[in-house]
Amino acid sequence: MSDPPAQHFTILYFASAATYTQKASERFPAPMTLADLFRRLEKSYPGIGEKVLTSCLCTINLEYVDGNEDALRSIVIKEDDEVAIIPPVSSG
Amino acid sequence: MAQDSSFEQRQDEGISVFLTSSALDLSGVVASVKSPKAGALVLFAGTTRDNFQGKSVTHLEYSSYPPRALKTMLSIAQTMKQKHALTAITMGHRLGVVPVAEESILIAVSAPHRQPAWTAGEEALEMCKEKVEIWKLEEFEGDQGGVWRANRDGPTHVPSDLASSNDISR
């Protein structure tokens, strides 16, 4: 994957999240709070919150982030960060 | 991502975890945990079944977030090795299309005695199924597209009434 344009971060979609967005990844302007990101996703993909995101976890630069409301408002995604939407897993 | 021929590995002392798009090598994985110190060696091989709840499955396709999945696999292997005093542990998962009757996951553990080897092998598999960032797409005979499967015991804070809404048919 090439580097994101300046002032942007990358979001990765897997499994059901990729199916819903019809994308494997995209870029959004940084900085942005997680709460703002989820609002933006809902606007771009109506219904994604209830149908997909509520059952997903989220990582920023490979580390899981806390999903409670306060955390969503306080966590800021920075330029060049890699955010990932992690649906329930099914290896094996 | 999983389409190219690829192999990624993480290692620690007596520990190897890997993701590959090629067929899994059972004897290679067994050889990787063999040791003169180990009196017991257990291999688990998970293979693609030809049916799921009465429907014919033609093949499975696995996708992953490789750097995150390898981190989780390494952490599971380290936990198992320490908890059960294993001699060695190797865990490998195949990505991309896995035809019926071929292996998708291999877990091999060795230990001085049989009890910790059996136990660690089982625990390692359950932890993988619960945590490793890999997703299974089931392709059924005659269907358009497939179904993203979620292992029943997914992350603990996923509300169970919402977990089923994650199985979105393409």
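Provided above is the structure to which this section pertains.
Residues numbered from 1 in each chain as written. Chains lettered and ligands numbered in written order. Predicted model: local features only at pLDDT ≥ 70, side-chain atom pairs only at ≥ 80, totals over all residues. Heavy atoms only, no water.

## Description of the overall build of chain B
Going by this rule: The helix count covers DSSP runs of H or I at least four residues long, the strand count covers runs of E at least two residues long, and both are numbered beginning at the N terminus. Relative accessibility thresholds used throughout: buried, under 20% of the residue-type maximum; exposed, over 50%; partly exposed, between the two (1.4 Å probe, protein chains only). Here a residue-residue contact requires only that any non-hydrogen atoms of the pair lie within 4.5 Å. The Shrake-Rupley method, run with a 1.4 Å probe, gives the accessible areas here. Residue values count only the displayed protein chains as cover.
When its secondary structure is counted, chain B shows 4 helices and 10 strands. Reading the secondary structure of chain B in the N-to-C direction produces β-β-α-β-β-β-α-β-β-β-α-β-β-α. Looking at the 170 residues of chain B, the share that counts as buried comes to 47%. Relative to all contacts within chain B whose residues are 6 or more apart in sequence, the contacts with residues 24 or more apart total 69%. A total accessible area of about 8500 Å² is found for chain B, and carbon and sulfur atoms account for 49% of it.

## Observations regarding the side chain of Ser104(B)
How we decide: Under the rule applied, a polar contact is a pair of N or O atoms within 3.5 Å (in protein, one hydrogen donor and one hydrogen acceptor; residues adjacent in sequence only if both atoms are side-chain atoms).
Inspection of the secondary structure assignment puts Ser104(B) in strand E8 (residues 103–111). The exposure class of Ser104(B) is buried, given its relative accessible area of 1%. At 3.2 Å, the side chain of Ser104(B) and the backbone oxygen of Gly92(A) are in polar contact.

## Describing the side chain of Thr33(A)
Residues and elements named next belong to chain A. On the secondary structure map, threonine 33 appears in strand E3 (residues 32–33). The exposure class assigned to threonine 33 is buried, which follows from its relative accessible area of 19%. From its side chain, threonine 33 meets the backbone nitrogen of aspartate 36 in a polar contact 3.0 Å long.

## Brief notes about the nonpolar core
To keep things clear, this is the line we draw: Throughout, nonpolar core names a set of buried Ala, Val, Leu, Ile, Met, Phe, Trp, Tyr and Cys residues whose side chains join them through atoms within 4.5 Å.
Core analysis: the largest hydrophobic core is formed by 34 residues, its most contacted members being Val17(B), Ile89(B), Met91(B) and Ile107(B). Looking at this core, the elements that each hand over two or more residues are strand E2 (15–20), strand E3 (40–47), strand E5 (55–64), helix H2 (66–83), strand E6 (88–94), E8, helix H3 (114–131) and strand E9 (134–140) of chain B. Looking at which element gives the most residues to this core, the answer is H2(B), with 7 residues. With residues up to four places along the chain from it excluded, the contact list for Val17(B) reads Glu8(B), Gln9(B), Arg10(B), Leu70(B), Met73(B), Leu74(B), Ala77(B) and Met91(B). Listed in part, the 23 residues of the second largest apolar core include Tyr45(A), Val52(A), Leu53(A) and Ile60(A).

## Brief notes about the environment of Ser55(A)
Residues and elements named next belong to chain A. Structurally, the position occupied by serine 55 is in the loop between helix H3 (48–51) and strand E4 (57–60). Residue serine 55 is classed as buried on the basis of its relative accessible area, which comes to 1%. Sequence spacing of serine 55 and proline 88 is 33 residues, and the spatial spacing of their C-alpha atoms is 6.8 Å. Reaching out from serine 55, the side chain makes a polar contact with the backbone oxygen of valine 52 at a distance of 3.0 Å.

## Things to note about the packing of H2(B) against H3(B)
All names here are of chain B. The condition that has to hold: The axes used here are C-alpha line fits, helices contributing only the stretch in contact, and every angle between their N-to-C directions lies in the interval 0 to 180 degrees. Any angle that is under 35 degrees is reported as roughly parallel, and any over 145 degrees as roughly antiparallel; angles of 65 to 115 degrees are reported as roughly perpendicular and all others as oblique. We call a crossing left-handed when the near helix sits turned anticlockwise from the far one by less than a right angle, and right-handed when that turn is clockwise. Asp, Glu, Lys and Arg are counted as charged, while Ala, Val, Leu, Ile, Met, Phe, Trp, Tyr, Cys and Pro are counted as nonpolar; the rest, among them Gly, fall into the polar class.
In the contact formed by H2 and H3, the axes pass within 10 Å of each other and the chain directions differ by 155°. As summarised for this structure, H2 and H3 are arranged roughly antiparallel, according to the angle between their axes. Of the two possible hands of crossing, H2 and H3 adopt the one that is right-handed. Within the contact between the two elements, H2 uses Thr72, Ile76, Met80 and Lys83 and H3 uses Ala120, Glu123, Ala124, Met127, Cys128 and Lys131. Counted by class, the contact of H2 with H3 contains 6 nonpolar, 1 polar and 3 charged residues.

## A few points about the sheet that holds E2(B)
Residue and element names in this part refer to chain B. As a reminder of what qualifies: Pairing between strands is defined by DSSP: at least two bridges between the two strands are required.
Taking strand neighbours across the sheet as the criterion, the 5 strands line up as E1-E2-E6-E8-E3 in an open arrangement whose pairing is mixed. Edge positions in the sheet fall to strand E1 (7–12) and E3, since each of these pairs with one other strand and no more. Ignoring which end each strand starts from, the neighbouring axes of this sheet average 5° apart. Pairing of E3 with E8 involves 8 bridges; the strand directions are antiparallel. Considered in E8, the bridge of alanine 45 is made with leucine 106. Relative to the sheet, helix H1 (residues 26–33) contacts E2, E3, E6 and E8, its axis offset from that of E8 by approximately 25°.

## Re the interface of chain B and chain A
In plain terms, the rule: Simply put, the buried area is the total loss of 1.4 Å probe accessible area from both parts when two parts are fitted together. One side-chain nitrogen of Lys or Arg within 4 Å of one carboxyl oxygen of Asp or Glu is enough to make a salt bridge.
Of the residues lining the interface, 33 residues belong to chain B; the matching set on chain A comes to 25 residues. Summing both partners gives a buried area of about 2600 Å² for chain B against chain A, and 62% of it is carried by carbon and sulfur. Inspection of the region where chain B meets chain A yields 1 salt bridge. Two residues, Glu63(A) and Lys71(B), come together in a salt bridge whose shortest N-O distance is 2.9 Å. Remark: the boundary between chain B and chain A carries 17 residue pairs in polar contact (both at pLDDT 80 or more). If you list the elements that add at least two residues to the side of chain B that touches chain A, you get E5, H2, E8, H3, E9, strand E10 (147–149) and helix H4 (160–163) of chain B. Sorting elements by how many residues they give to the side of chain B that touches chain A places H3(B) first, with 4 residues. Looking at side-chain class alone, the side of chain B that touches chain A contains 17 nonpolar, 7 polar and 9 charged residues.

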